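# Topology and contacts: notes
The primary structure of each chain is shown beneath.
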Amino acid sequence: MPIIRRSEQKTQTLEDFYKEFIPKPEDTFGDAGTPMLEVLEFLNVCFKNTVIYGLTSHSHLLLFNNNKSEDYYVSLVGYKSKYYNEFIIEYLLPSDKSLWEGAVVKGGTAELEDFKKMIIISMTESGGWKDNPELEDCFKNYKS
């Protein structure tokens, strides 16, 4: 599986973690689990050979290119309710493109397909997966 949970959170898989955020029929709050499970599925389809490490913070998913680094490259969160969808992404600018340390680009959309495109662009622009052929192929497909 290309996206795996970082070792410090190995007590359950990313999929099991997000299943806990799917509301029961009697719940009155929205769904943060289903959209994030769709994101995990998308990443697993796009990246057959590239291992992406995920760390969760509340319902956010932080993406790393290794299991040791303290610095994430991309942060994702998705939410659905009866009334609206919200997908928010943030990525760290590489030091050669940043005007100050820790600068980020943040955006959002209501459409999952747009969010998928934003994920690929963010992974590319963050510089966390340089010279990765799978990411380059995905970027070419989603750039247009």
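Quick note: structure is the one above.
Below you will find a few notes about this structure. (Residues numbered from 1 in each chain as written. Predicted model: local features only at pLDDT ≥ 70, side-chain atom pairs only at ≥ 80, totals over all residues. Heavy atoms only, no water.)

A separate point is the nonpolar core. In this structure, Leu43, Leu61, Leu63, Leu76, Ile119 and Met123 are the most contacted members of the largest nonpolar core, which totals 28 residues. Elements with a minimum of two residues in this core: α1 (14-19), α2 (33-46), β3 (60-64), β4 (74-80), β5 (85-92), α3 (112-126) and α4 (133-143). Broken down by element, the residue count for this core peaks at six residues, all from α2. (Core = buried A, V, L, I, M, F, W, Y, C linked by side-chain atoms within 4.5 Å. Buried < 20%, exposed > 50% of the residue type's maximum accessible area, 1.4 Å probe, protein only. Helix = DSSP H or I, 4+ residues; strand = E, 2+ residues; numbered from the N terminus.)

Spanning 15 residues, α3 covers 20 Å between terminal C-alpha atoms, matching the ideal 21 Å at 1.5 Å per step. Of all the positions in α3, only Leu112, Phe115, Lys116, Ile119, Ile120, Ser122, Met123 and Ser126 are classed as buried. Buried positions in α3, seen along its axis, are confined to an arc of 160° and lie on one side of it. (Expected span 1.5 Å × (residues − 1). Arc of directions from axis to C-beta.)

It is worth spelling out the side chain of Arg6 at this point. Within the secondary structure layout, Arg6 lies in the loop between β1 (3-5) and α1. Among the polar contacts made by the side chain of Arg6, one reaches the side chain of Glu8 at a distance of 3.0 Å. Residues contacting Arg6, with those up to four places away along its chain left out, are Tyr53, Gly54, Leu55, Phe64, Asn66, Asn67, Lys68 and Ser69. (Polar contact = N/O pair within 3.5 Å; in protein donor to acceptor, adjacent residues only side chain to side chain. Contact = heavy atoms within 4.5 Å.)

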